[in-house]
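So the chains spell out like this:
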Amino acid sequence: MLRKLFRKKTPDIQFIDDRIESVKRKPIPNHVAIIMDGNGRWAKQRKMPRIAGHHEGMKKVRQITNFANALGVKALTLYAFSTENWKRPKLEIDFLMNLPGEFLNTYLPELMERDIKVEMIGNIEALPAHTRSAIIKAIETTKNNKGLVLNFAMNYGSRVELVHVMKEIVQEVEDGTIQKEDIDENVINSRLMTAHLPEPDLLIRTSGEVRLSNFMLWQLAYAEFIFTNVLWPDFNEECFLASIEDFQHRDRRFGSLEGDQKG
Ligand code: V0D
């Protein structure tokens, strides 16, 4: 109790507030993408079942979403379930497929209060009906919200997305609605599932794996990458803040030498 009363005056908490103020004065990434890795390992370290790690990870989704929203991030894409994740044990998949429903049952009112808009990329058709309907309900309910876009990548694979885009464009060329000569990056961008979102500026992957794992291959072309050893259930506001600080210290020039010391 006493500790709680003193919390506000504890120097390290004050220090965090100063860091937040400082970060807010510099360019905040418009779109942050996160590969939320390490839930199973977090559970294993505690001799708990893997699903306990997934559940703890879900709490962090809420915390980081609220924090990113408060910092002024426009879009947050979270890799929640990859096309490769179907290879996991059935019981684990069943548990995972209940998380969107549980998340939304408890958090949808808060999402509305905070003006957060839920979206999804990936193949929703292959998800169980109850998972699908929970997500559709959330997308429907929040569709007029104007704050942060909370974009869940579910049953998403970047190569599948690109194959789909290519087929679509080939079809349009065959139909004569577009000329081969007119195909450019914008034509491809506009057919991606992320077409309406700003390009991700920052990718964070937790848990020490240093791979892209088929996540937004096209979209991440110019993003800054941050790999941290922190496991997703341990990833907190301070970790997110540190990632933004790291991002703000990097020299972003998209391959040009603008601002470089010449000579
Ligand atoms: C488990 C860590 C929220 C990653 C986070 C089915 C693995 C917790 C959602 C969620 C998962 C998805 C859509 C939606 C609302 C919530 C979620 C899955 C896994 C995959 F509309 N957390 N979460 N979905 N985990």
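See the structure shown above.
The text that follows walks through the structure, step by step, so that each part is easy to find. Model, not experiment: these values are computed from the prediction.

Right, let's get into the site of the ligand. His54, Leu96, Leu99, Phe103 and Phe152 are the nearest of the 17 residues found near the ligand. When the ligand sits alone it has 530 Å² of accessible area, and the protein chains cover 98% of it. Contributions of two or more residues to the shell around the ligand are made by α4 (50-71), β2 (75-82), α5 (90-113) and β4 (149-156). The leading source of residues in the shell around the ligand is α5, at five residues. Among the residues forming the shell around the ligand, the class breakdown is 14 nonpolar, three polar and no charged.

All right, on to the sheet that holds β4 then. Within the open sheet, the six strands sit side by side as β3-β4-β2-β1-β5-β6. Their pairing is parallel. Of all the strands in the sheet, just β3 (117-121) and β6 (224-227) have a single pairing partner and so form its edges. Between one strand and the next, the sheet's axes are offset by a mean angle of 20°, whatever the strand orientation. Pairing analysis gives four bridges linking strand β1 (residues 31-35) to strand β5 (residues 202-205), with the strands arranged parallel. Along β5, the bridge assignment pairs Val32 with Leu202. Sheet contacts for α4: β1, β2 and β4; angle to β2, the most-contacted strand, approximately 160°. Each of β3 and β4 is contacted by helix α6 (residues 129-142), which is oriented at about 135° to β3, the strand it contacts most.

This brings us to the packing of aromatic side chains. Evaluation of the coordinates by the stated rule reveals nine aromatic pairs. Ring geometry for Phe103 against Tyr107: centres 4.9 Å apart, planes inclined by 80°, an arrangement best described as edge-to-face. In this pair, Phe103 and Tyr107 both sit in helix α5, four residues apart, roughly one turn of the helix. Looking at Phe103, the relative accessible area reads 6%, which means it is buried. Measuring from ring centre to ring centre gives 5.3 Å for Trp232 and Phe235, while their planes differ by 20°; the resulting arrangement is stacked. Note on Trp232: relative accessible area 1%, which makes it buried. A relative accessible area of 1% places Phe235 in the buried class.

Criteria and cut-off values
Residues numbered from 1 in each chain as written. Predicted model: local features only at pLDDT ≥ 70, side-chain atom pairs only at ≥ 80, totals over all residues. Heavy atoms only, no water. Near = heavy atom within 4 Å. Areas by Shrake-Rupley, 256 points an atom, 1.4 Å probe, with all protein chains shown as cover. Helix = DSSP H or I, 4+ residues; strand = E, 2+ residues; numbered from the N terminus. Nonpolar A, V, L, I, M, F, W, Y, C, P; charged D, E, K, R; others polar. Pairing = 2+ DSSP bridges. Axes fitted to C-alpha atoms, helices over the stretch in contact; angles between N-to-C directions. Contact = heavy atoms within 4.5 Å. Phe/Tyr/Trp six-rings, centres within 6.5 Å; stacked < 30°, edge-to-face > 60°. Buried < 20%, exposed > 50% of the residue type's maximum accessible area, 1.4 Å probe, protein only.

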